[in-house]
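As a plain string of letters, each chain reads:
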Amino acid sequence: MRSIQEKLLTLPGDTDVIPGHGHPTGIAQEGMHNPFLQPFNEPGGDFPEEGIGIFP
């Protein structure tokens, strides 16, 4: 999650993303619709030190 925040979510929203699975998407699209990235959409959202419940 930290790598996603630091390397992907710092890119412009119109950056195309071609994942290893599924359809091509974009940074803004993922930020708005990917449930794992929702904590970053909260006002003042930041990477929680304890993670967001998907990794121990």
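Computed from a predicted structure; not experimentally measured. (Residues numbered from 1 in each chain as written. Predicted model: local features only at pLDDT ≥ 70, side-chain atom pairs only at ≥ 80, totals over all residues. Heavy atoms only, no water.)

**Notes on the overall build of the protein chain**
For the record, the criterion: Strands are runs of DSSP state E lasting at least two residues, helices are runs of H or I lasting at least four, and both sets are numbered from the N terminus onward. With a 1.4 Å probe rolled over the protein chains alone, any residue whose accessible area is under 20% of its type maximum counts as buried; one over 50% counts as exposed, and the rest are partly exposed. Residue contacts are counted whenever heavy atoms from the two residues lie within 4.5 Å of one another. Accessible areas in this description were obtained via Shrake-Rupley with a 1.4 Å probe; residue shielding takes into account the shown protein chains only.
Secondary structure summary: the protein chain contains two helices and two strands in total. Along its sequence from the N terminus, the protein chain presents helices and strands in the succession α-β-β-α. Relative to its 56 residues, the protein chain shows a buried fraction of 20%. Here the analysis covers contacts within the protein chain between residues at least 6 apart in sequence; of these, 35% occur between residues at least 24 apart. Here the protein chain has roughly 4,300 Å² of accessible surface; of this, 58% comes from carbon and sulfur atoms.

**A short note on the side chain of T25**
Here T25 lies in strand β2 (residues 25–26). We classify T25 as buried; its relative accessible area is 15%. Ignoring any residue separated from it by four or fewer positions in sequence, one finds T25 in contact with T15, D16, V17 and E30.

**A short note on the layout of surface pockets**
Put simply, the rule reads: The way it works is a 1 Å grid over only the protein atoms, where trapped points that fit a 1.4 Å probe form a cavity and open points with protein on both sides within 12 Å along at least five of seven lines form a pocket, and then any residue with an atom within 4 Å of a point lines it. Grid points are joined across faces, edges and corners, and a volume is the space filled by probe spheres set on the points.
When its volume is computed, the largest pocket comes out at roughly 330 Å³. L8, V17, E30, N34 and L37 are, among the 15 residues lining the largest pocket, the residues nearest its centre.

**What about the environment of V17?**
Along the chain, the position of V17 falls in strand β1 (residues 16–17). Distance in space between the C-alpha atoms of V17 and I27 is 6.7 Å, their sequence separation being 10 residues. Apart from residues no more than four positions distant in its own chain, V17 is found in contact with P24, T25, G26 and I27.

**Some thoughts on the environment of G13**
Among the structural elements, G13 can be located in the loop between α1 (2–8) and β1. Spatially, the C-alpha atom of G13 lies 4.8 Å from that of I27, the residues being 14 residues apart in sequence. Among residues more than four places away in sequence, those in contact with G13 are G26, I27 and A28.

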